[in-house]
Amino acid sequence: MALGVEIERKFLIRKMPKGKPVHIHKIRQGYIAREGNNSVRVREKDDQFILSIKTHHQSGGRNELEYNISKEEGEVLFSSLSHDAIIKTREVYEINGLIWEIDIFEGANKGLVVAEIELENIDQVIDIANWLGPEVTELSKFYNANLASRPFEKWRVSYDALIERLEG
């Protein structure tokens, strides 16, 4: 089990960052339960299955508990989803000593690209590089749990128009 506090910021991107990713992961995930800011998620990442529980953390961010589970257990949980699984490729970049994860969504969320950075503390300052677009950290429709129930294809907006709208 891994226990930690997740403090992250999310951005749409204008273009992919320079350089090659240090890792590329194929991810399938779904939400078994959600209540308020709490969620229980099953994820398959590079053939490893993980059960995650996320809850609100009082000083900002979220508590995150993760448990490795067997493929059989993971498939049982995936079969119980009330929505299509989220499918994405995650490209991981190290830029100026920080780790950026860029999720390139597929399926019902195809066309959406979101960059995330996990912070060490709530007040950590980061440089906003020119490849980043508008910040969407506080916009709940960009939470993966909400993308599962209301995917990007239902938003009736192109990615470029979305960036323009959020910057306007």
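See the structure above.
These numbers come from a predicted model, not from an experiment. (Residues numbered from 1 in each chain as written. Predicted model: local features only at pLDDT ≥ 70, side-chain atom pairs only at ≥ 80, totals over all residues. Heavy atoms only, no water.)

Description of the overall build of the protein
Helix and strand counts for the protein come out as 3 helices and 10 strands. Helices and strands appear in the protein in the N-to-C order β-β-β-β-β-β-α-β-β-β-β-α-α. Since a compact globule built from 168 residues should have a radius of gyration of about 15 Å, the 16 Å found for the protein is in line with a globular shape. Sorting the 168 residues of the protein into buried and exposed places 42% on the buried side. Of the charged side chains in the protein, 23 are positive and 28 negative; the average position of the first set lies 6 Å away from that of the second. (Helix = DSSP H or I, 4+ residues; strand = E, 2+ residues; numbered from the N terminus. Rg over C-alpha atoms; globule rule 2.2 N^0.38 Å. Buried < 20%, exposed > 50% of the residue type's maximum accessible area, 1.4 Å probe, protein only. Lys, Arg positive; Asp, Glu negative; His and termini not counted. Charge placed at Lys NZ, Arg CZ, Asp CG, Glu CD.)

Overview of the layout of surface pockets
The probe, sized like a water molecule, is rolled over the atoms to show the empty space still left. Of the pockets and cavities examined, the second largest pocket occupies roughly 150 Å³. A per-element tally of the lining of the second largest pocket places helix 2 (residues 144–149) first, with 3 residues. (1 Å grid on protein atoms, 1.4 Å probe; cavity = no way out; pocket = protein on both sides within 12 Å on 5 of 7 lines; lining within 4 Å. Points joined across faces, edges and corners; volume = space filled by probe spheres on them.)

Points about the environment of Leu12
Mapped onto the secondary structure, Leu12 falls in strand 2 (residues 8–13). Given the relative accessible area of 0%, Leu12 is considered buried. Separated by 140 residues in the primary sequence, Leu12 and Phe152 have C-alpha atoms spaced 13 Å apart. Ignoring sequence-local partners within four residues, the contact set of Leu12 consists of Leu112, Val113, Val114, Leu132, Gly133, Pro134, Val136, Phe142, Tyr159, Leu162, Ile163 and Leu166. (Contact = heavy atoms within 4.5 Å.)

Considerations on a positive patch on the surface
There is a patch of like positive charges on the surface, built from Lys141, Arg150, Lys154, Arg156 and Arg165. The class of Arg156 is exposed, set by a relative accessible area of 81%. (Patch = residues over 30% accessible without salt bridge, like charges linked within 9 Å, V, L, I, M, F, W, Y side chains within 5 Å. Areas by Shrake-Rupley, 256 points an atom, 1.4 Å probe, with all protein chains shown as cover. Salt bridge = Lys/Arg side-chain N within 4 Å of Asp/Glu carboxyl O.)

Description of the side chain of His83
Within the secondary structure, His83 sits in the loop between helix 1 (71–79) and strand 7 (86–95). Among all residues touching His83, those that are not within four sequence positions of it are Gly30, Tyr31 and Ala148.

Thoughts on the pattern of salt bridges
All told, the structure shown has 11 salt bridges when counted by the stated rule. A salt bridge links Glu75 to Arg28; the nearest nitrogen and oxygen atoms lie 2.8 Å apart. Here Glu75, found in helix 1, pairs with Arg28, found in strand 3 (residues 23–35); they are 47 residues apart in sequence, far enough to count as distant. Among the charged side chains, a salt-bridge network with shared partners connects Lys88, Arg90, Glu101 and Asp103.

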